[in-house]
Structure formats: structure tokens, C-alpha cells
Amino acid sequence: MLSALRQTVSPVFSSTTATALVLASVSVAGLRGYWQRTPGPIKPVFFFRPFPLLSKQLVNSNTPPVWRLRFGLASQNDTLGLNLGLGEHVKVALPDGWDCSHTAKGSKPRSYSPTSDPEQKGWFELTVKEYEDGCCSRYLAGMEEGDVAMMSRGWPLPAEWIMKRKPGRRVGVIAFGVGITEAVWVAHAELAADTGTEVKILYANRRYGDRILLDELDRLAATYPGRFQVQDLVSREEAPAGALQGRVSPELLSGVFEWGNAGNDAEVRWLGVGTKAMKKDLAAMIEGMGLPAKQHGLLSKQLLPRL
């Protein structure tokens, strides 16, 4: 009897499950298609919506050039609403037919950190370095006013569910190149959260002229005097006055941030912003200095929020 019952229930269950999965897939596909056609608030990762380019400005004519792109939101009262202080970002989808076969990521969407205030109404900005062998950067740099880019949030859940913040009073941020686009707003969030927090950014570039977001960094220094500093580092030319020359190393980090020298490293927090390879190498260096990410990392990923 049990065997007969199983034979009766199993097909029904399988049929019901399959139907539910099909309906769910159709619903998701329908929502995705609707959002792709209509403007509105930015949606979770891979649920792309259209955002029109309002203006385009060349902010650095060096090689590679850097562009500031301003995109419109659906309403003048809308805000982007991302938590940039936790490293939240947007994903940019490449248009159909855009050839990225020469890159490791192929045609996968690319991540960009907005550089405008997330509470700015009506628009938001991306600052993009146009690499000669890039893919998405060349696509964005080639856009004209009125063109539309498809974007979504970078994560499937709110930033507070994805990232865990471990605050400390002595925050060191190491920004490699365009990683400064994320570093600026992380620094802003840490300084605003606690009047006792000091933040220092080590800004590493190949050349001094490659630096971007200088106005934003100056505003942070003016808003938080005595609590915010930037140390420039260049690797492929002689350093001008005030900057350092060389590459990131344990010795350089110890000198810039005074890690291991002050006797109160319990309050040290660090964050690296750059490519995955850069961040991996940096983490190995800093952990070798006795500051493991588990205890001293400013931001770390979590599966669920800690309640």
C-alpha cells in the first residue's frame, strides 16, 4: 500500500513542483522584461533598468582618459539610494553585440562605484577610466547624451545584509587607481559615523597625473580637519613633493599608517580597494603584519545580517 501511495503522490508532487517552478520563472522573466523597458528605481542585481545619459565631461585627458558621466533617475525627486559606505555599487550591462571576447570577463556586466552623493536627487554620476583594451569602459566613454545604459544594483539584497562593518578609530584605506571611487565614500561614512575616528587613504597610482576625484578628497579634508589625510604614492615616475615613490609593501604601510608602532593596534581597521589580485596580495601583506582581516578588516561579507 505504501508503495502504491508513493507512486500516486510522487507524480502529483513532481507535476505541482514543476508547474510552480515554471510559473516562478515566467514571473521573474516578466518582471525583468518590464523593468528593462521602463525607467524607475534601481533594482537588485541583474534586474536591469534604463538610465539615460544627461551629460559627459572629460575630467582627465591623460592616457587613459577619465570621464564623468551623469545619468538621470526616473524622477527629479528620486535618489539612487545605495549605501556607498558599505561598498555598494552598480552593475552595468553591455549592449547586445558589444564584443568583449578579448577580455577575461567577456560580456558579463561590470561593477562601478557611483561617485556622486547617493542622496542626490534626480541624477547620479559614474567616473570611468577609459582603458585602451577595456570593454565596458570604452562602451561608457563612447556614449552620447540621450543614450541609455542598463544598470542594476550590484547585490541581490540590501548592502546591510551583504556586508558587515567592524568600526575602529584608526582607519587605513589603500586605494589602487580607480579604487578611489569606492574609497571616497567609505571614508566619508566612517568620518561621519564617529567624531573620534581618523581616516587616512594611501592613494596608489602609476603616475601623479593619474589621480582623480581631487575635489572630493579636498572637501573631505576641509570638512574633517585633523581627522582625514591622503598620502599619494606613485610607482612609475619620480614622486613630487609630498608624495611617495615605490610600491605598496609592509614597510611602506607601516610607515604611512604607523601600524605596529603605536601600541594600540586594537583600534586599527583597514580596507583595500582595487582588483581582486591587488586586494589578495594586500591582505597577505597586512595579515603578515599581525593585522588579520577577521579582527581588523573594516568591511567583510556576510551571508545574513547579524541580529
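Structural data are supplied above this passage.
To start, this report covers the structure provided alongside it. (Residues numbered from 1 in each chain as written. Predicted model: local features only at pLDDT ≥ 70, side-chain atom pairs only at ≥ 80, totals over all residues. Heavy atoms only, no water.)

### What to know about the overall build of the chain
Okay, step 1: Scanning the chain from terminus to terminus reveals eight helices and 13 strands.
Okay, step 2: Across the 307 residues in the chain, those meeting the buried criterion constitute 43%.
Okay, step 3: Taking all contacts inside the chain whose residues are at least 6 apart in sequence as the whole, residues at least 24 apart take part in 71%.
Okay, step 4: Carbon and sulfur atoms provide 54% of the accessible area of the chain, an area that totals close to 16500 Å². (Helix = DSSP H or I, 4+ residues; strand = E, 2+ residues; numbered from the N terminus. Buried < 20%, exposed > 50% of the residue type's maximum accessible area, 1.4 Å probe, protein only. Contact = heavy atoms within 4.5 Å. Areas by Shrake-Rupley, 256 points an atom, 1.4 Å probe, with all protein chains shown as cover.)

### Focus on the side chain of R49
Okay, step 1: By the secondary structure assignment, R49 is in strand β1 (residues 49-60).
Okay, step 2: Here R49 is buried and forms no salt bridge, its nearest opposite-charge partner D78 lying at an N-O distance of 8.2 Å.
Okay, step 3: In terms of polar contacts, R49 uses its side chain to reach the backbone carbonyl oxygen of P41, at 3.3 Å. (Lys, Arg positive; Asp, Glu negative; His and termini not counted. Salt bridge = Lys/Arg side-chain N within 4 Å of Asp/Glu carboxyl O. Polar contact = N/O pair within 3.5 Å; in protein donor to acceptor, adjacent residues only side chain to side chain.)

### Concerning the sheet that holds strand β3 (residues 90-93)
Okay, step 1: Taken in spatial order, the six strands make up an open sheet running β4-β3-β6-β1-β2-β5, and their pairing is antiparallel. If you trace the sheet from one side to the other, it starts and ends with β4 (110-112) and β5 (123-129), each paired once. Each strand of the sheet is rotated relative to its neighbour by a mean of 40 degrees, with strand direction disregarded.
Okay, step 2: Relative to strand β6 (residues 148-153), β1 runs antiparallel, the two being bridged by four bridges. Bridging across to β6, P52 finds its partner in V148. (Pairing = 2+ DSSP bridges. Axes fitted to C-alpha atoms, helices over the stretch in contact; angles between N-to-C directions.)

### Observations regarding a positive patch on the surface
Okay, step 1: A contiguous patch of positive charge on the surface is contributed by K105, K108, K276, K279 and K301.
Okay, step 2: Checked against the element boundaries, K301 lands in strand β13 (residues 299-301). (Patch = residues over 30% accessible without salt bridge, like charges linked within 9 Å, V, L, I, M, F, W, Y side chains within 5 Å. Charge placed at Lys NZ, Arg CZ, Asp CG, Glu CD.)

### Notes on the environment of W259
Okay, step 1: Tracing the backbone through its elements, the reader meets W259 in the loop between α6 (250-257) and β12 (268-273).
Okay, step 2: W259 gets classed as buried once you look at its relative accessible area, which sits at 4%.
Okay, step 3: Residues W259 and G172, 87 residues apart in the sequence, show an inter-C-alpha distance of 9.4 Å.
Okay, step 4: When neighbours within four sequence positions are excluded, W259 is seen to be in contact with R170, G172, I174, L253, S254, D265, V268, R269, W270, I286, M289 and L291.

### A few points about the sheet that holds strand β10 (residues 228-234)
Okay, step 1: If you walk across this open sheet you meet the five strands as β11-β10-β9-β8-β12, and the pairing is parallel. Each edge of the sheet is formed by a strand with only one pairing partner; in this case those strands are β11 (244-245) and β12.
Okay, step 2: Sheet strands in contact with α6 are β8 (170-176), β9 (198-205), β10 and β11, and its direction is about 140 degrees off that of β9.

### A few points about the packing of aromatic side chains
Okay, step 1: If you walk through the whole model with that rule in mind, you get five aromatic pairs.
Okay, step 2: Measuring from centroid to centroid gives 5.6 Å for F51 and F124, while their planes differ by 80 degrees, and the two rings are edge-to-face. With F51 in strand β1 and F124 in strand β5, this pair connects stretches of sequence that are 73 residues apart.
Okay, step 3: For F124, a relative accessible area of 0% gives the class buried. (Phe/Tyr/Trp six-rings, centres within 6.5 Å; stacked < 30°, edge-to-face > 60°.)

### With respect to unusual backbone geometry
Okay, step 1: Although it is not a glycine, F46 adopts a positive phi angle of roughly 75 degrees.
Okay, step 2: Locating F46 in the fold gives a position in the loop between α1 (2-37) and β1.
Okay, step 3: Phi is positive for E258, close to 60 degrees, though the residue is something other than glycine.
Okay, step 4: For E258, the location among the structural elements is in the loop between α6 and β12.
Okay, step 5: Overall, E258 belongs to the partly exposed group, its relative accessible area being 47%.

Honestly, it's all geometry; don't read function into it.
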